[in-house]
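In case you want the letters, here they are:
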Amino acid sequence: MDIAVIGAGYVGLITATGLAEIGHRVICVDDDLAKIEVLKSGGMPFFEPGLADLVERNRQAQRIEFVPQIEYAVADCQVIFICVGTPPLENGEADLSSVEMVARRISACARGYHLVIEKSTVPVQTGRRLRKHFDIYSSDPDSPCDVASNPEFLREGSAVEDFFHPDRIVVGVDSDRAARLLEEIYQPVLAQSFTCPVHRDCRKRSPVPFVVTDINSAELIKHASNSFLAMKISFINMVADLCEAVGADVGKVAEAVGMDKRIGASFLRPGVGFGGSCFPKDLQAFVRVGQKAGCDFTLLREVERINEKRIDLFVNKIKNELWVLRGKRIGVWGLAFKPRTDDVRCAPSLAVIRRLLAEGARVRAYDPEAMEKAKVEVPEIEYCTDAYGAAEGAEALLALTEWEEFLHLDLAKVHQMMARPLILDGRNMFSRATLTGQGFEYVDIGSRTRAHI
Ligand SMILES: NC(=O)c1ccc[n+]([C@@H]2O[C@H](COP(=O)([O-])OP(=O)(O)OC[C@H]3O[C@@H](n4cnc5c(N)ncnc54)[C@H](O)[C@@H]3O)[C@@H](O)[C@H]2O)c1
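Notes on the structure in this doc start here.

### Thoughts on the site of the ligand
Then step 1. The ligand sits among 26 residues. The nearest are D30, K35, T86, E156 and K281.
Then step 2. Between D30 and the ligand, the recorded distance is 2.5 Å, taken from a side-chain N or O atom to an oxygen atom.
Then step 3. Between the ligand and the protein, one listed contact pairs a nitrogen atom with a side-chain N or O atom of E156 at 2.7 Å.
Then step 4. In isolation the ligand has 830 Å² of accessible area, and contact with the protein removes 89% of it.
Then step 5. Only α1 (10–21) and α5 (97–109) provide two or more residues apiece to the shell around the ligand.
Then step 6. Here the shell around the ligand takes three residues from α5, the largest share from any one element.
Then step 7. Classifying every residue of the shell around the ligand by side-chain character gives nine nonpolar, eight polar and nine charged.

So this is what it looks like as structure tokens:
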């Protein structure tokens, strides 16, 4: 099938490449000319494990092309995925101006039948608005158009795997034709019948559930899923604070709580809180949706509040150890909002760093992938070429993103390089026994504090 994907960001590029890999011909559009030039010349606009090779293979095979003009893609493709950003407005609502802009341009040039699929995360009833938009603005009244919702659940850092092996594919439709087209598009993924570019042998994988629903429900499924995951994180962070206060170990608590199949182990790791381009904004947007509909979403406001407090609590821990921050050299391991990505949007690490800078501390940081993007956000700190550079002369090291490589460092070397061998673990990624065994002072989140030992 010929498919247009509008937006070549984290979601658009992965969707476009995945669809090309399973046999479709894809035109990927972005209005950022620099991004299109990078992609056309074989480069990558961001880091995502496994993606660069996949893009290159499909580009070489001419199954994917990158262009800046929507009109070109719409003329060639019956199916159009909208994957543009929906950042938060001042009041927390999703800014849908890019979605609307794309819809305008589609309606101005579409001839014949089109299926327009919202893959961007949008508030419930956006599909209804798009439907109305096309009814009003279509330049060709004889061009029927279906609108569908197909929310994206990929996780940055494992997005390629998530495209090929999703937990479910959700589609919200209001016509059989749209449902049939979407099922056809995703058939190889649903049946797991493609040659997997991620694993050597995936043939034993079970078919992927295909959830067909109305458009409102599909839109709501995405916001509800992200809000629930954010709620789990804030819940365990709340429990972590209690563990610290009363002298219990949140690691053990979370482990045993997570063994209950009704709860599940994932997203029960305490830390400096959630960030990224999705959870904070989707939570805010969902709260606004609830408010506008007259529903009580106080629960989710608390989830947000607990998350915002994580930065204060962590900075207080640092001050508790270092007393005065002015003039102190502090090393930071990890800048990305999570490991295996270079995305620093709403990264808790940057929030912590900004607070340290405001208090006069000198910060030296290292991240395996995210330094270029972090430099744009926080140019005033020193960026190091490796994790040891961040440790050099530091009076404290903060672990703020749980990159695997930090677990394999030469701890004796780190210890020797630091002015004071103190590690504050904002992700509970290290073993207390290992670090204290090597002579470090170690502070994590939610363990029995020194006062209780
Ligand atoms: N990043 C994630 O992990 C993730 C996961 C699931 C859902 N989502 C949702 O997917 C959407 C996109 O997220 P993202 O992280 O890919 O954003 P992004 O900022 O990385 O990418 C958006 C892209 O759209 C392009 N764009 C904007 N307006 C355009 C226009 N008028 N015409 C053509 N291109 C245009 C931008 O230049 C940019 O490259 C958001 O709604 C987000 O909430 C993101």
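What follows continues from the structure just given.
### Quick word on the side chain of K328
Then step 1. Examined against the element boundaries, K328 turns out to sit in the loop between α12 (298–322) and β9 (329–333).
Then step 2. A distance of 2.7 Å separates a polar side-chain atom of K328 from the backbone oxygen of L322.
Then step 3. Once residues within four sequence positions are removed from consideration, K328 is found in contact with L322, A361, R362 and E395.

### Re helix α9 (residues 215–246)
Then step 1. In this model, α9 (32 residues) spans 47 Å end to end at C-alpha, consistent with the 46 Å of a helix rising 1.5 Å per residue.
Then step 2. Where α9 terminates, the next one or two residues include G247, which has phi positive at roughly 85 degrees.

### Considerations on the pairing of β9
Then step 1. With respect to burial, β9 is a largely interior element, four of its five residues being buried.
Then step 2. Here β9 pairs with strand β10 (residues 362–366) via five bridges, running parallel. Among the inter-strand pairings, R329 is bridged to a residue of β10, identified as R362.
Then step 3. Traced from β9 through helix α13 (residues 348–358) to β10, the parallel crossover comes out right-handed.

### With respect to a nonpolar patch on the surface
Then step 1. A contiguous nonpolar surface patch, about 180 Å² in accessible area, is contributed by V253, V257 and I263.
Then step 2. Its place among the elements puts V257 in helix α10 (residues 250–258).

### What to know about the environment of D146
Then step 1. Note that D146 resides in strand β6 (residues 145–149).
Then step 2. A C-alpha to C-alpha distance of 14 Å links D146 and V74, two positions 72 residues apart in sequence.
Then step 3. For D146, the residues in contact, after removing those within four places along its chain, are Y113, H114, L115, V116, R131, D174, S175, R177 and A178.
Then step 4. At 2.9 Å, the side chain of D146 forms a polar contact with the side chain of S175.

### What about the packing of α9 against α10?
Then step 1. Close contact between α9 and α10 brings their axes to 9 Å; oriented N to C, the two are set at 140 degrees. Between α9 and α10, the crossing angle belongs to the class labelled oblique. In this structure, α9 meets α10 at a crossing whose hand is right-handed. When α9 is examined against α10, the residues I236, V239, A240 and C243 are found in contact with a partner set consisting of V250, V253 and A254.
Then step 2. In the contact of α9 with α10, the residues fall into seven nonpolar, no polar and no charged.

### Side note on the packing of helix α11 (residues 279–292) against α12
Working note: a packed helix pair is described by the angle between its axes plus the distance between those axes.
Then step 1. Between α11 and α12, the shortest axis-to-axis distance is 9 Å and the interhelical angle comes to 155 degrees. Comparing the axis directions of α11 and α12 gives the class roughly antiparallel. Remark: the crossing between α11 and α12 carries left-handed chirality. Contacts between α11 and α12 pair L283, Q284, F286, V287 and Q291 from the former with L300, R301, V303 and E304 from the latter.
Then step 2. Across the contact of α11 with α12, the residue classes tally to five nonpolar, two polar and two charged.

Conventions used here
- Residues numbered from 1 in each chain as written.
- Predicted model: local features only at pLDDT ≥ 70, side-chain atom pairs only at ≥ 80, totals over all residues.
- Heavy atoms only, no water.
- Near = heavy atom within 4 Å.
- Polar contact = N/O pair within 3.5 Å; in protein donor to acceptor, adjacent residues only side chain to side chain.
- Areas by Shrake-Rupley, 256 points an atom, 1.4 Å probe, with all protein chains shown as cover.
- Helix = DSSP H or I, 4+ residues; strand = E, 2+ residues; numbered from the N terminus.
- Nonpolar A, V, L, I, M, F, W, Y, C, P; charged D, E, K, R; others polar.
- Contact = heavy atoms within 4.5 Å.
- Expected span 1.5 Å × (residues − 1).
- Buried < 20%, exposed > 50% of the residue type's maximum accessible area, 1.4 Å probe, protein only.
- Pairing = 2+ DSSP bridges.
- Right-handed = clockwise from strand over helix to strand, strands pointing away.
- Patch = residues over 30% accessible without salt bridge, like charges linked within 9 Å, V, L, I, M, F, W, Y side chains within 5 Å.
- Salt bridge = Lys/Arg side-chain N within 4 Å of Asp/Glu carboxyl O.
- Axes fitted to C-alpha atoms, helices over the stretch in contact; angles between N-to-C directions.
- Parallel < 35°, antiparallel > 145°, perpendicular 65-115°, else oblique.
- Left-handed = near helix turned anticlockwise from the far one by under 90°.

Just distances and angles here, no functional claims.
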